[in-house]
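Listed below, chain by chain, are the residues.
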Amino acid sequence: MKTVGNNIRKERINKGLSLAALGEDIGLDKGNLYRIEQGKNFTLLTLTKIGAFLEVNPARLFNNCNEIRIQDAENYIKKNKQNRKT
């Protein structure tokens, strides 16, 4: 998610937009957009809005993301389930 956030920041800067300007145009405040650029908790709808406003395919925002392995995802889920039980 950090890579996606970094890609959003690069595209925003390339377009000459501030956090506040982009946030206003897609209906988010500056703080929420900052968190998105830090790779924290964004939705597919928000990512689609950002891509549309920046005039980039949202898939492009995933460029340079490491491939997620199924085993890594399964281990993450298993670990979280164990933590909830304790």
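Small disclaimer: the values here were computed from a predicted structure and weren't measured.

1. Points about helix H2 (residues 19-26)
Note that an α-helix has 3.6 residues per turn; residues three or four places apart therefore point the same way. Of all the positions in H2, only Leu19, Leu22, Gly23 and Ile26 are classed as buried. Taken around the axis of H2, the buried residues stretch over an arc of 100 degrees, which confines them to a single face. Note on H2: the residue one or two positions beyond its end, Gly27, has a positive phi of about 85 degrees.

2. A look at the pattern of salt bridges
Under the criterion given, the structure shown has four salt bridges. Among the salt bridges present, the one from Glu37 reaches Arg9, with a minimum N-O distance of 3.6 Å. With Glu37 in helix H3 (residues 30-37) and Arg9 in helix H1 (residues 2-14), this pair connects stretches of sequence that are 28 residues apart. A relative accessible area of 2% places Glu37 in the buried class. Since its relative accessible area comes to 23%, Arg9 is described here as partly exposed. Between Glu37 and Arg12 there is a salt bridge, with its nearest N and O atoms 2.6 Å apart. One end of the pair, Glu37, is in helix H3; the other, Arg12, is in helix H1, and 25 residues separate them in sequence.

Basis of the calculations
Residues numbered from 1 in each chain as written. Predicted model: local features only at pLDDT ≥ 70, side-chain atom pairs only at ≥ 80, totals over all residues. Heavy atoms only, no water. Buried < 20%, exposed > 50% of the residue type's maximum accessible area, 1.4 Å probe, protein only. Helix = DSSP H or I, 4+ residues; strand = E, 2+ residues; numbered from the N terminus. Arc of directions from axis to C-beta. Salt bridge = Lys/Arg side-chain N within 4 Å of Asp/Glu carboxyl O.

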